[in-house]
Amino acid sequence: MPQDSTPAPTQAGQRELVLRVMPMPADSNANGDIFGGWIMAQVDIAGSVLPAKLSRGRVATVAVNEFVFKQPVSIGDLLSFYATVTRVGRTSMTVHVEVMAERDPENPHVVKVTEANLTYVAIDREGKPRPVAI
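Residues numbered from 1 in each chain as written. Predicted model: local features only at pLDDT ≥ 70, side-chain atom pairs only at ≥ 80, totals over all residues. Heavy atoms only, no water.

Named according to an unreviewed UniProt entry, the protein is Acyl-CoA thioesterase originating from Pelomonas dachongensis. UniProt's Sequence similarities (unreviewed entry) comment on the protein is quoted here verbatim: "Belongs to the acyl coenzyme A hydrolase family." (UniProt positions renumbered as here; feature names shortened; annotations may be inferred.)

## Comments concerning the UniProt feature "domain: HotDog ACOT-type" (unreviewed entry) in the protein
The sites that carry the UniProt feature "domain: HotDog ACOT-type" (unreviewed entry) are, in the present numbering, residues 13-126. Each end of residues 13-126 is marked by a C-alpha atom, and these two atoms are 29 Å apart; helix forms 18% of the span and strand 47%. (Helix = DSSP H or I, 4+ residues; strand = E, 2+ residues; numbered from the N terminus.)

## A short note on the pairing of strand 5 (residues 109-122)
Counting buried residues in strand 5 gives 11 out of 14 residues, a clear majority hidden from the surface. Two strands pair when backbone bridges link them, and strand 2 (residues 59-69) and strand 5 are joined in this way by 9 bridges, in the antiparallel orientation. Across the sheet, glutamate 66 pairs through a bridge with asparagine 117, a residue of strand 5. (Buried < 20%, exposed > 50% of the residue type's maximum accessible area, 1.4 Å probe, protein only. Pairing = 2+ DSSP bridges.)

## Observations concerning the nonpolar core
With 26 residues, the main nonpolar core has Val43, Leu79, Phe81, Val97, Val99 and Val113 as its most contacted residues. Of all the elements in the fold, those that place two or more residues in this core are helix 1 (36-55), strand 3 (78-88), strand 4 (92-103) and strand 5. Leave out the neighbours within four places in its chain, and leucine 79 touches Leu19, Arg20, Val21, Pro23, Trp38, Val73, Val99, Met100, Ala101 and Val113. (Core = buried A, V, L, I, M, F, W, Y, C linked by side-chain atoms within 4.5 Å. Contact = heavy atoms within 4.5 Å.)

## Focus: helix 1
An ideal rise of 1.5 Å per residue puts 28 Å on 20 residues; helix 1 measures up with 29 Å between its terminal C-alpha atoms. Listing the buried residues of helix 1 in full gives Trp38, Ile39, Gln42, Val43, Ala46, Gly47, Leu50, Pro51, Leu54 and Ser55. (Expected span 1.5 Å × (residues − 1).)

## A word on the environment of aspartate 104
Note on placement: aspartate 104 falls in the loop between strand 4 and strand 5. Overall, aspartate 104 belongs to the partly exposed group, its relative accessible area being 36%. Aspartate 104 sits 27 residues away from aspartate 77 along the chain, and the two C-alpha atoms are 7.8 Å apart.

## A word on the side chain of serine 55
Following the sequence through the fold, serine 55 ends up in helix 1. Separated by 2.8 Å, the side chain of serine 55 and the backbone oxygen of proline 51 make a polar contact. Apart from residues lying up to four places away in sequence, serine 55 is in contact with Met93, Ala122, Arg130, Val132 and Ala133. (Polar contact = N/O pair within 3.5 Å; in protein donor to acceptor, adjacent residues only side chain to side chain.)

## Notes on the sheet that holds strand 5
Ordered in space as 1-3-4-5-2, the 5 strands form an open sheet in which the pairing is antiparallel. The two strands at the open ends of the sheet, each matched to only one other strand, are strand 1 (16-21) and strand 2. Neighbour to neighbour, the strand axes of the sheet diverge by 25° on average, direction disregarded. The pairing of strand 3 with strand 4 spans 10 bridges and is classified as antiparallel. If you follow phenylalanine 81 over to strand 4, its bridge partner there is valine 99. (Axes fitted to C-alpha atoms, helices over the stretch in contact; angles between N-to-C directions.)

Take a look at the structure:
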């Protein structure tokens, strides 16, 4: 039986793992913690995955509505980024991103290190807002 390679459609309100990454020493500050700006960039990338899929095209970040660093991130933490589309408007979508860190391989545990709410707008080839194609 042939398998359909079409990905499952993204739906608003559905939480999805959209990115996994391990920060490296070059991503750390003088204290040995991972730069907040590096984490923000990864959250922006992760947050854009579902809106791009949902709108079937390009999206641009238009707002970071909330960003909370709950715990420091360390070199070697395996970060998992979970996204949920919380609102879909005519041209924009709001996404909630949670970042979980898997720590200490000898005594593994998972903690929430960051969460954020971001708004993206669907854009056309000229960078102008376009309707979300649901």
